[in-house]
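Report on the structure
Listed below, chain by chain, are the residues.
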Amino acid sequence: MNEHLNNIIVAKKELPSSLVKLGWVLTMLGLVLVGISYITDAQRAVQNNLIGFTFLASVSVGAVFFIALEYIAGAVWSTPFRRVTEFLAATLPLLIILAIPLFMNMHNLFEWTHTDVVTSDKVLHGKASYLNVNSFTIRFAVMMAIWMLFYLVFRKHSFVQDLNHDQKHTSINIKFAAVFIPVYAISISLFAFDWLMSLTPHWFSTIFGVYYFIGSIVCTLSVITYLVVSLAEKGYFFKGITEDHYYSFGALLFALLSFWAYIAFSQFMLIWYANLPEENFWFIARWKNGWEYISSALALFHFWIPYFMLVSRPSKMNKGNLKRTALLLIAAHFLDLYWMVMPTFHASPVFSFHELAFPMLTLGLIIVVFAIQSKKYNMVPIGDPKLERGIDFRL
Amino acid sequence: MANSLYSIVATFESPDTIIKAAKAVRDAGYKKFDVHTPFPVHGMDKAMSLPETKLGFVTLAAAILGAVGMISFASWVAAVDYPLVIGGKPYWSWPAFVPVTYEIAVLASVVLTVVIMIVFFFKFPNISHPLHDTPYMKKVSSDKFGVSIQAQDELFNEKKVRELLQSLGGNVDAVYYSDEFINFKPQLFEPKFLLLLAGIAMASSAGGYLLWNKILFLPPYDWMMEQQKVKPQMVSNFYSDKFAMRQPVEGTVARGYIPYPYKDKPDDAGKYLVNPLLPTKQVLELGKKKFLTFCSPCHGNFGQGDSRLRGQFPNPPSLHSDKVRGWPDGNIYHVITNGQNVMPSYQYQVSREERWAIILYIRTLQRALNAKESDLQ
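Residues numbered from 1 in each chain as written. Chains lettered and ligands numbered in written order. Predicted model: local features only at pLDDT ≥ 70, side-chain atom pairs only at ≥ 80, totals over all residues. Heavy atoms only, no water.

**Side note on the overall build of chain B**
Counted only if it meets this: Only DSSP runs of H or I covering at least 4 residues are called helices, and only runs of E covering at least 2 are called strands; the numbering of each starts at the N terminus. Just to be clear, the radius of gyration here is over C-alpha atoms, and the globule rule we use is 2.2 Å times residues to the power 0.38. Relative accessibility decides the category of a residue: with a 1.4 Å probe and only protein chains considered, values under 20% of the type maximum give buried, values over 50% give exposed, and everything between is partly exposed. Working rule for contacts: check all heavy atoms of both residues, and any pair within 4.5 Å makes them a contact. Accessible surface is estimated by sampling points in the Shrake-Rupley manner with a 1.4 Å probe; for residues, cover comes only from the protein chains shown. Neither His nor the chain ends contribute to the count of charged residues, in which Lys and Arg are positive and Asp and Glu negative. Each charge is placed at NZ for Lys, CZ for Arg, CG for Asp and CD for Glu.
For chain B, the helix and strand inventory stands at 14 helices and 4 strands. Over its C-alpha trace chain B gives a radius of gyration of 42 Å, far above what one expects of a compact globule, namely 21 Å for 377 residues. Its C-alpha atoms give chain B principal-axis dimensions of roughly 120 × 55 × 50 Å. A total of 377 residues make up chain B; the buried ones form 28% of that total. Across chain B, contacts joining residues at least 24 apart in sequence account for 69% of those joining residues at least 6 apart. With the model as given, the accessible surface of chain B reaches about 26,700 Å², and the carbon-plus-sulfur share is 62%. Taken as two groups, the 39 positive and 33 negative side-chain charges of chain B have centres that lie 7 Å from each other.

This is the structure we're talking about:
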């Protein structure tokens, strides 16, 4: 190829052992805690299982979305780091494992699975043709199949390209990405409706799918940003990563978290303004008995603090600042899911080791999968025709 | 005219060479130099060692100013100056203020950034610049990339600068300017300019007048006057009875409307109607206000039939005659409600309670002009 590519670390370099160890420790500890949690309080463990499940879905499906986004937008700056996204998307199959206990305990989570309640409730009866266990399961299976299919196609073409440097793989992936974006838009909305909104089956918010989508995308980009920046600091990817690359991560993160605030506020304000009893109880439940502090903290940690952490131009290029903001937003996404799930089951906020078990497990799993993937495959898509332009990217 | 040296300029062929040239000029220690390219060249800020722009702080300050200003204004209007209950919400309902606050913050930051950038950063009004209208500027605004080192630079030495630029491979030239041309000040109060302003003002006023008052009433612009509605005295074919308005259903009464049953029966009114109000201070004040508004123009301020309309109409009668003093309240009520002789009905202007209040006030006036001995004690 050319002189630039000599600087790229083509060798399959292992992740720093401390990170891998952290991943295994978190996974093991998380597994133990999950076990204890299920034994001591199965009801609460299922609720936290749902939070962990949706968090992993945010990262894995969001990563597939970012792969598609790069192809469809013809983005150049992110090409050298695309493997990070592809490795993260490899957590997709784990969703099925995390979903198994949820399917086993559906009656503890979803009111609409109780046939006696549904038959006596007019609203639930009307929704029963959509909200029933069979169609719920089928929808989840179809969504998983679609996501897996697209993930495997993207991944196959991207990895084969490393060997033959053929541009046709990029064009095939672009075509698949064009199909995936609308499919993703519909499937992620239905996923949010099924798993999160149907916890309170009488409630409805048409913007809810977008709300979960943007929260998950912010979280995925935060994970990608954190991994890219901390690995780049240790000399991974290629030499000569410029501030322009970091700036692109910071600017995209900034834009997406502002969009999250826009959607979150839109959902709140329309319901608050109309003040209809069939809609407003969801927010009323989140504004009493201590939940108001969680709601305020969500606005603070998911928008105001990261917004001002990223608002200035130099701060978008500052590596330490990027890592801190990314970690904050990952934690904020956990808080967001907690805020969506828990007020349905608890009159006031609860926090103990139950709430820590699944975040530890999911973060540990993500790190472990990432480590295994990076051990097996190139960290940089060396065959991608956009790679050189991506390395030379300047604002 | 062009006599003083402004700068030595050099043109290059490609973005790469201009970046190299900019770096070389910067490394040679020149401070007052600038680069002109037909399109933005990436990496030029670094090549020229330009400091970070301070414009971002202007934008931030403007956005904060707009946001704080708008949320204060909205709070003051909605909660202090003109409190209205909207949708059963508290006066100070901050979520309703967020969209407008956000919009004003964006608007203020955009407008103020542009204005401050032009006025302070670009030193507006900078009518003319020595580089304007030179062959150099023509080249660098089409297909060449130029660098210009100003003669004001501390290190400036014409020979050295020419050598430097030539060694970089540039096409070197010099730009001269005349003090007179550069220091030209626009004269705002020139008669021609003032005449132009006056002309524009007159033309736009005349155009506006013609548009709003004449043209909009001429065809084909008068289409707003043709509306599908039924005007008075017109026949409507929509309903079978040819009326535009519906009659109330027989035997029903509109909400808040109590029919008056004693039309053309003043004696019955006097017999059966009883004043429901007591002559309290509040009622008498209401009666006085309504009497002075609706009755006094004809009957006079004290009800003596001596208003300024005297002589133009048949004389309005005094309210102090024995007849009126002898009437029961219901008779007066009947006259106000139905009218009498020339006096029209006041049932639509004066509400039922106000009529009774007026009657109590008239009784007070009657008593005041015919007071009994006992009243004086």
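**Details of the overall build of chain A**
Scanning chain A from terminus to terminus reveals 18 helices and 0 strands. In terms of overall dimensions, chain A is globule-like: its C-alpha atoms have a radius of gyration of 21 Å, near the 21 Å expected for 395 residues. Based on the C-alpha atoms only, the size of chain A along its principal axes is roughly 70 × 40 × 40 Å. Looking at the 395 residues of chain A, the share that counts as buried comes to 58%.

**As for the environment of Tyr338(A)**
Residues and elements named next belong to chain A. Rules: Here a polar contact is recorded for every N or O atom pair within 3.5 Å, except that within protein the pair must consist of a potential hydrogen donor and a potential acceptor, and residues adjacent in sequence are included only if both atoms are side-chain atoms.
Looking at the secondary structure, you find Tyr 338 in helix α16 (residues 319-341). With relative accessibility at 9%, the residue Tyr 338 sits in the buried group. Counting along the chain gives 83 residues from Tyr 338 to Ala 255, while the straight-line C-alpha distance between them is 24 Å. Non-local contacts of Tyr 338, meaning those with residues more than four positions away in its chain, are made with Ile 51, Trp 291, Ile 294, Pro 343, Pro 349, Val 350, Phe 351 and Glu 355. Separated by 2.3 Å, the side chain of Tyr 338 and the backbone oxygen of Val 350 make a polar contact.

**Considering the sheet that holds strand β1 (residues 4-12) of chain B**
All names here are of chain B. The cut-off we apply is this: Note on pairing: DSSP must find at least two bridges between two strands before they are called paired. For every element, the axis is a line fit to its C-alpha atoms; helices are fit only across the contacting stretch, and the angle between N-to-C directions ranges from 0 to 180 degrees.
Read from one edge to the other, the open sheet built from 4 strands follows the order β2-β3-β1-β4, with strand pairing classed as antiparallel. Two strands bound the open sheet, and with one partner strand each, they are β2 (33-36) and β4 (171-177). Looking at each pair of strands side by side, their axes are set apart by 25° on average, direction ignored. Strands in contact with helix α1 (residues 15-27) are β1, β2 and β3 (145-150); relative to β3, the strand with the most contacts, it is inclined by about 15°. The strands touched by helix α6 (residues 158-167) are β1, β3 and β4; relative to β1, the strand with the most contacts, the crossing angle is about 10°.

**Quick look at the interface of chain A and chain B**
Selection rule: Once two parts are brought into contact, the accessible area they lose, counted with a 1.4 Å probe and summed over both, makes up the buried area. Salt bridge criterion: a side-chain nitrogen from Lys or Arg within 4 Å of a carboxyl oxygen from Asp or Glu.
With 8 residues of chain A at the contact, the number on the chain B side is 9 residues. Buried surface at the junction of chain A and chain B, summed over both partners, amounts to about 950 Å²; 70% is from carbon and sulfur atoms. Area buried by chain A at its contact with chain B is led by Phe265(A), Trp272(A) and Tyr273(A), which between them contribute 46% of it. For the pair chain A and chain B, the number of links is 1 salt bridge. Here Arg313(A) ties to Glu52(B) by a salt bridge, and the two come within 3.8 Å at their closest N and O atoms. The interface formed by chain A and chain B contains 2 residue pairs in polar contact (both at pLDDT 80 or more). Residue contributions to the side of chain A that touches chain B peak at 5 residues, all from helix α12 (residues 243-274) of chain A.

**Regarding the domain arrangement of chain B**
Using the following cut-off: Residue ranges for the domains originate in an automatic or database domain assignment.
Splitting chain B by domain gives domain 1 (1-185), domain 2 (191-224) and domain 3 (266-371). Between domain 1 of chain B and domain 2 of chain B, the C-alpha centre-to-centre distance is 39 Å.

**A look at unusual backbone geometry**
Residue and element names in this part refer to chain B. The linkage connecting Pro 219 with the following residue, Pro 220, adopts the cis geometry, with an omega of 5°. Residues other than glycine seldom take positive phi values, yet Gln 233 does so here, at roughly 75°. Despite not being glycine, Lys 242 shows a phi value in the positive range, around 65°. As for its position among the elements, Lys 242 is in the loop between α8 (191-214) and α9 (266-272).

**Some remarks on the packing of helix α3 (residues 42-73) of chain A against helix α11 (residues 208-233) of chain A**
Residue and element names in this part refer to chain A. For clarity, the cut-off: Note on angle classes: values under 35 degrees are labelled roughly parallel, values over 145 roughly antiparallel, values of 65 to 115 roughly perpendicular, and the remainder oblique.
Interaxial distance between α3 and α11 falls to 8 Å at its minimum, and their mutual angle equals 75°. In terms of orientation, α3 and α11 fall into the roughly perpendicular class. Across the interface between the two elements, Thr 54, Phe 55, Ala 57, Ser 58, Val 59, Gly 62, Ala 63, Phe 65 and Phe 66 from α3 touch Tyr 212, Phe 213, Ser 216, Ile 217, Cys 219, Thr 220, Leu 221, Val 223 and Ile 224 from α11.

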